[in-house]
Amino acid sequence: MQAKPIPADMPRVTPHLICAGAAEAIEFYKKAFGAKEDARLPSPDGKFVMHAVIRIGGAPVMLVDEMPEWGALGPKSLKGSPVTIHLYVEDVDAVVKKAVNAGAKVTMPVAEQFWGDRYGKIEDPFDLHWSIATHVRDVGMEEAQEAMRKMAAQAKTSAPQ
């Protein structure tokens, strides 16, 4: 039997996170987001996670420890991350509170947004960025564009000169 090119339980795009302390990150994601651990492959000496797969809301997320000798650097070593992982949940306020209680910090408080989501952002203890949202109303593209124009105009008039 020939293997499927794309495993049945994996989407075509899967986040693969590099962080200092992948084992601790897995435990954080279990507490903060209710993650389930599918697999963990430790290094031969047991000091590092060479590969792990967790599922958050059924979606896979791969993790690995930083390994500079292999070019695997996380946000702590890079002094930040240009990537934000987006997570849709049933109750954004409850999930953000749970994440904060588990050790995350809020970088954007949860609020209603013009595009129809109740949305906020956190940074986890491993310097990875998450946006978390609950969709609360459907918004058409024209309505969203108009709201964005108004927001940009307001920001321009209230910016310090």
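No experiment lies behind these values; they were computed from the predicted model shown.

*Asks:* Account for the environment of Ala52, naming residues and giving values.
*Replies:* Relative to the assigned elements, Ala52 resides in strand β3 (residues 49–56). Exposure remark for Ala52: the relative accessible area of 0% places this residue in the buried category. In this structure, the C-alpha to C-alpha distance between Ala52 and Leu63, residues 11 residues apart in sequence, is 5.1 Å. When neighbours within four sequence positions are excluded, Ala52 is seen to be in contact with Ile26, Ala39, Arg40, Val61, Met62 and Leu63.

*Asks:* Tell me about helix α3 (residues 92–102), and please be specific about residues and values.
*Replies:* Of all the positions in α3, only Val92, Val95, Val96 and Ala99 are classed as buried. The arc that holds every buried residue of α3, seen down its axis, measures 100°, which confines them to one face. Projecting away from the buried face of α3 at angles above 90 degrees are the exposed residues Lys97 and Asn101. Tucked into the core, α3 has its buried residues touching α1 (22–33), β6 (105–112), β7 (117–123) and β8 (129–135). A side-chain oxygen of the first residue of α3 lies 3.2 Å from the backbone nitrogen of Asp93; this N-cap is Asp91. Looking at the residues trailing α3, positive phi occurs at Gly103, about 125°.

What counts, and where the lines are drawn
- Residues numbered from 1 in each chain as written.
- Predicted model: local features only at pLDDT ≥ 70, side-chain atom pairs only at ≥ 80, totals over all residues.
- Heavy atoms only, no water.
- Helix = DSSP H or I, 4+ residues; strand = E, 2+ residues; numbered from the N terminus.
- Buried < 20%, exposed > 50% of the residue type's maximum accessible area, 1.4 Å probe, protein only.
- Contact = heavy atoms within 4.5 Å.
- Arc of directions from axis to C-beta.
- Polar contact = N/O pair within 3.5 Å; in protein donor to acceptor, adjacent residues only side chain to side chain.

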